[in-house]
Amino acid sequence: MSGPKDGHPSPGDGATGRATLTAVRPSPRPPAPEPPRRPGVARWAADLAMGARFAVNGGRESWARTIMTAVGVGLGVTLLLFAASVPSMDSGRNERTNAIAAFGFGEEPKPGPGTIRLAQANTDYGDKDIQGMVMAPDGDRPPHPPGISGVPAAGEMWVSPALKTLLASDEGKLLRERLPYRTVGVIGDSGLSGPAELRYYAGITQKQFDHVISDYRIDRWGAQDTSGDDLDPALVLLVVVGCVVLLLPVLIFIATAARFGGERRDRRLAALRLVGADTHMTRRIAAGESLFGSVLGLAVGAALFLLLREAVGGGSMMNLSFFTSDITPTLPLALAIAVTVPASAVVVTLIALRAVTIEPLGVVRNATPKRRRLWWRLLLPVLGIGLLLPLAGGFGAGSSGGDLQTYQAAAGAVLLLIGLTALLPWLVEAVVERFGKGPVPWQLATRRLQLSSGTAARAVSGITVAVAGAIALQMLFASVEAQNTEETGQDPNRAQLILNAKVDNGAQANDAFARLRATKGVGSVLGITLDTVSDARSKKKDPADIPTDSLTVADCPALREVARITSCRDGDVFVINGSDSYVAPEDAFVKPGAQINLSVRDDGLPSPDKKKLWTVPGSATKVRPREDPTGATSSGILATPGAFDIADLPDPQAQAMIRLDPKVPDATEYVRNASASIGPALDVIQLSGTSQSSEFQTIRNVLFIGATATLLLIGASMIVTTLEQLRDRKRLLSVLVAFGTRRTTLSWSILWQTAVPVVLGLALSIAGGLALGTLLLKMVGEGLAVDWAGLAMMTGIGAGVIVLVTLASLPPLWRMMRPEGLRTE
Amino acid sequence: MTPAGSLLIADDLHKSYGPTPALDGANFSIHPGEVVAVMGPSGSGKSTLLHCLAGIVRPDSGAVHYGGRELTALSDAERSSLRRGEFGFVFQFGQLVPELTCVENVALPLRLNGVKRKESEARALSWMERLEVADVAAKRPGEVSGGQGQRVAVARSLVTGPRVLFADEPTGALDSLNGERVMELLTEAARETRTAVVLVTHEARVAAYSDREVVVRDGKARDMAGVR
Amino acid sequence: MSIGHTLLGLLESGPRHGYDLKRAFDEKFGHDRPLHYGQVYSTMSRLLKNGLVEVDGVEHAGGPERKRYAITDAGITDVEQWLAQPEKPEPYLQSVLYTKVVLALLTGRDAADLLDVQRAEHLRLMRELTQRKRGGDLSDQLICDHALFHLEADLRWLELTAARLSPLAKAVRS
């Protein structure tokens, strides 16, 4: 601050200089006199610094204000930092998953000393996904997976920390039976995609691979091709709009937090004017105050982020978990936050002060605020729609314009949503103007809103963006979900589980079926055994060109599940009607009396050289196929065990269709355990009528959590505003109590005062959300689908916010309604 | 000290806020239609006496009788309802609801009593005419002068036809001329309607509108009617 | 202002010589206008004649003849009545009221009570004036207002004095 020695007032600021000299005495901490004509930056810096000092030294009240701002901004910054960490969380996870990946494109390597044979042995346990792999080295230099120090020997396994915990717990009792391996080590972090991942690597013998349906060899771990597949354009749009929807309210909240305690601050500034500060100076001082608060908020946000990061880093959510070290904001985004947040706090403060004239003797609010104009408020959403409309039907079509289109879509969505927040104050004003009749609480609330609808609208505008965006997103979800939720064709009423296993012969197949039937929780098992057969008379040279079909061997009840058979006795043979078969009509060779080749080469192709012939009996009946419980239709030859001996099949596969006993809990787990005892990597498929992409569910859940957090933040800021308003009217409240106003009357008026803007905001956001959603759906070429349940949920949350704000305001209201408030003078 | 026919009688009131006693054995009584000034220096307990008399504050000990009822024995809700119906209030400042228009402010006590909007506003308007502020009926309190605002407040205090009007420094924020006019209108209206007025003031010229005065000093009230 | 009552009041705390009385009077009430001795002499003669004081003794030691006066019971009653009687409110009343307050404090009487009574008297007149003003024309109002403002000033003085009674008592008794 300037000392008196350079204090020769220049003619320009003579008035303030004099005022300072005369009035400086009464102030206990005299602010330094305004320096005359300093270079602009230094003046700014000096005034901002003084504002910061006021934020700290201004007594309890300004501390309270600074802390409120800091906490508010801090909460917002925390959310922003998490958002800024998403890219690195994603890339960290991707790097690891790529390193773990054990599949190559192109030729499978020949067995050698440096190769390993493996098979996926994933299993579900309850609602948990367990990633597993069984392996057997071909030689003495096998590659080992990342995160473990060697290849597990047969009968041993390495497990992830989370799986180790699960296996050791009571909850993991049934799982222990399923994984009959000795745990020899724990997989390190570099071999896991997240800390809560359930994963194991088990060693088995080469012999055990005989029962594995799909096994392969690799000579190194890690996916060679890391380019990854491009995200579905609909998903890109979801992510872009999702970010906009989550981050806009946070920005709005930060802006609101910068205005906390504004009215009291203004009064303090008026006192500053009295001792000689000019208008510009007071503005800069006010800006300095909120700058300090927001910088403090940055610190609070960073601290909160570090704290929460630890918490998030440990836990898992929907089978997703992240390492703490991965939750790191990318540098450019972190820098952007560090700069934007304080800057926007300053800008918001300066804008807020524009409507206020701070005079030495008090604060003059522009008594009759200008009527809000509609045209420019409409301009924003119209512009947004204008940007989105041309994309209709064509989003993600041309890969060259992809980036540009993404930006255009994001800009359109941002403009549309911001346009809604700009439209809201006008709407509130226009609607509230027509109110006024009605019971006393209603009258008090609406009159209050008429007088200052701006404050209320500002607080609610965050909700508008969040809800409108959420509605649009949910529409996109509903439609994308409908598309991704396919009818599987499976019929869980006929069988709940399907087990596929490789068997050597019919005896083994029957043994497997018998073991399943004996398993606890199994109601019935229909077993079929099938293999590939080829046309014995084909003249084709290349084995790959020889027509093939399948031969299914099963008893009559099981055959009835796969074909429409009227009469069946052991010894019968059926042929699926050619026109219903998968085989092209000109290649159809399966008919009664036809000769077929049973022999198959090692690579699975027909072997025309070493034929093993069988003739379809001439008595075979032609039947029509029937969808089996998995939704598939069989083709080829169906034979009863009496007509065909399974032992003649060279590479038979057994399929068990299992019906569970609904009375036995955990029946599924018992079946999975039984299957694991039959073979190490057997496929147990759970049948369900529909299937849903888990990706969508994850995104949906994340968005829901984000939207709820945002709404809670906004609720918090509304509570602060309401409390501030109440505190300013302490005296009036006491007077109202004096002449006998009931508590309920004032409580209801607070409810209405919160409800009216929130309801209007919700209405506007539903309209805007439906419009945005429709546009987005058009862009990805989906049919219109409104997620009514989601809409109801959002409305419910909005109502919850109203109730929350009212309830939180009631205790202070009642405290202030005590007569002590009359004793102010 | 408690002459027969009194409407409101306080007997040996004690009330402390924290360690400092605001009332220390105060007595008071008022007849229907009587205007009594409560005088005394700042901090003497004038306002506390008024709050106790009006049932806004419950005294620590002592009794307040109003129309055969013991105020201190009533519940908060009962006292609130009494204040709504039988008492009126005028304060120094900050008493009008800033977002309501003047006529709505005047009508407010009636509406709190469940009177229909139209009727209450009609009655409010007639009182505003009497107090010469009918012309600002549609304006908000922020848009009218201090004197007008105070007359609106007086109209509001009288609109329910109260039996006791409590006025706490009603002219404290006004200049002499406006203060005088407010006092004239207030006392005239009160005498006509036989409303008793408890007038807390430290200004002698305001107290001169009363029939008698009570001086509060150190938490004790002294009725000066018996003197001379 | 009654010099007789003042001197009587001073005598209440004990018999004094005429010259002592003059000195005490000058010190407490005289301010810039000391009392002429002749005035004390004539006043005391009147009081003596009315039986409110009596001569307690005479000294002749060298100087002029010095009578010692003492107050009688009738004199005490007279002071009592005078103090209790509020003054008719009028301008420039302070010197009388001040004398009364000091005497009340000196003689151990309730000065606050005295001030309250005086206030009541002032208010009574103010009420009358207010009443007259309400009925009167503009000139009546203006005249009444003049009186009212003066009375109000007195009243404020009364209140201020009431608020300062205890320091005043200390100063007077020292």
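Residues numbered from 1 in each chain as written. Chains lettered and ligands numbered in written order. Predicted model: local features only at pLDDT ≥ 70, side-chain atom pairs only at ≥ 80, totals over all residues. Heavy atoms only, no water.

Caption draft 1: The arrangement of the pairing of strand β6 (residues 199-203) of chain A in detail. All names here are of chain A. Extensive coverage of β6 is indicated by the burial of 5 of its 5 residues. Residues R199, Y201 and G203 of β6 are buried on one face, and the alternating residues Y200 and A202, pointing to the opposite face, are buried as well. One ladder, built from 5 bridges, connects strand β3 (residues 128-137) with β6; its direction is parallel. By the bridge assignment, Q131 is partnered in β6 with R199. In this structure, strand β4 (residues 156-159) lies alongside β6, joined through 3 bridges in antiparallel fashion. Considered in β6, the bridge of V159 is made with Y200. (Buried < 20%, exposed > 50% of the residue type's maximum accessible area, 1.4 Å probe, protein only. Helix = DSSP H or I, 4+ residues; strand = E, 2+ residues; numbered from the N terminus. Pairing = 2+ DSSP bridges.)

Caption draft 2: Highlighting the confidence of the model for chain A. Residue and element names in this part refer to chain A. Averaged over chain A, the pLDDT score is 75; the fraction of residues at 70 or greater is 77%. Taking the mean pLDDT of every element in chain A, the minimum, 37, falls on helix α1 (residues 14-23) and the maximum, 87, on β4. Predicted confidence for residues 1-35 stays below pLDDT 50, and this span has 38 contacts to residues more than four positions away or in other chains. (pLDDT = per-residue confidence, 0-100. Contact = heavy atoms within 4.5 Å.)

Caption draft 3: View of the sheet that holds strand β2 (residues 20-30) of chain B. Residues and elements named next belong to chain B. Reading across the sheet, the 4 strands line up as β2-β1-β4-β5 and stay open at both edges, with antiparallel pairing between neighbours. Of all the strands in the sheet, the pair left with one neighbour each is β2 and β5 (69-70). As paired elements, strand β1 (residues 8-17) and strand β4 (residues 61-66) share 5 bridges and run antiparallel to each other. From the neighbouring strand, L8 faces β4, where its bridge partner is Y66.

Caption draft 4: Structural view of the interface of chain A and chain B. Tallying the contact residues gives 27 residues for chain A and 27 residues for chain B. When chain A packs against chain B, close to 2,700 Å² is buried across both sides, 60% of that on carbon and sulfur atoms. Taken together, the links from chain A to chain B amount to 1 salt bridge. Where B:E104 meets A:R447, a salt bridge forms, and the shortest distance between an N and an O atom there is 2.1 Å. Inspection of the region where chain A meets chain B yields 9 residue pairs in polar contact (both at pLDDT 80 or more). Where the side of chain A that touches chain B is concerned, the elements lending two or more residues are α12 (440-451) and α18 (730-738) of chain A. If you tally residues by element for the side of chain A that touches chain B, the top one is α12(A), at 7 residues. Along the lines of polarity and charge, the residues of the side of chain A that touches chain B split into 12 nonpolar, 6 polar and 9 charged. (Buried area = accessible area lost by both parts, 1.4 Å probe. Salt bridge = Lys/Arg side-chain N within 4 Å of Asp/Glu carboxyl O. Polar contact = N/O pair within 3.5 Å; in protein donor to acceptor, adjacent residues only side chain to side chain. Nonpolar A, V, L, I, M, F, W, Y, C, P; charged D, E, K, R; others polar.)

Caption draft 5: Looking closely at the packing of aromatic side chains. Residues and elements named next belong to chain A. Within this structure, the stated rule accounts for 10 aromatic pairs over all chains. Relative to W752, the ring of W442 lies with its centre 5.3 Å away and its plane at 85°, an arrangement referred to as edge-to-face. On the criterion of sequence distance, the pair formed by W442 in helix α12 and W752 in helix α19 (residues 743-779) is long-range, its members being 310 residues apart. A relative accessible area of 31% places W752 in the partly exposed class. (Phe/Tyr/Trp six-rings, centres within 6.5 Å; stacked < 30°, edge-to-face > 60°.)

Caption draft 6: Molecular detail of the state of the cysteines. All names here are of chain A. For the structure on display, the rule yields 1 disulfide over all chains. The residue that forms a disulfide with C556 is C568, at a sulfur-sulfur distance of 1.9 Å. Torsion about the S-S bond of the C556 and C568 cystine: about -75°, corresponding to left-handed handedness. A residue pair is termed long-range when its members are at least 10 positions apart, and C556 in helix α15 (residues 556-562) and C568 in the loop between β16 (563-564) and β17 (573-576) qualify at 12 residues. Residue C556 is classed as buried on the basis of its relative accessible area, which comes to 12%. Among the residues examined, C568 registers a relative accessible area of 15% and is labelled buried. (Disulfide = S-S within 2.5 Å.)

Caption draft 7: Structural context of the pattern of salt bridges. Taken as a whole and assessed by the stated rule, the structure comprises 32 salt bridges over all chains. Residue B:R217 pairs with C:D116 through a salt bridge whose shortest N-O separation is 3.1 Å. Taken as a pair, B:R217 in strand β9 (residues 212-217) and C:D116 in helix α6 (residues 111-135) lie in two separate chains rather than in one. Close ionic contact of C:E87 with C:K100 constitutes a salt bridge, the shortest N to O distance being 2.8 Å. Taken together, the residues span a long stretch of sequence, with C:E87 in the loop between α4 (73-84) and α5 (94-106) and C:K100 in helix α5 at a distance of 13 residues. Note on accessibility: C:E87 and C:K100 belong to one class, buried.

Caption draft 8: Local environment of helix α1 (residues 46-53) of chain B. Residues and elements named next belong to chain B. Most of α1 sits inside the fold, with 7 of its 8 residues counted as buried. What α1 keeps buried is the set K46, T48, L49, L50, H51, C52 and L53. After α1 finishes, the residue G55 shows a positive phi value of roughly 75°.

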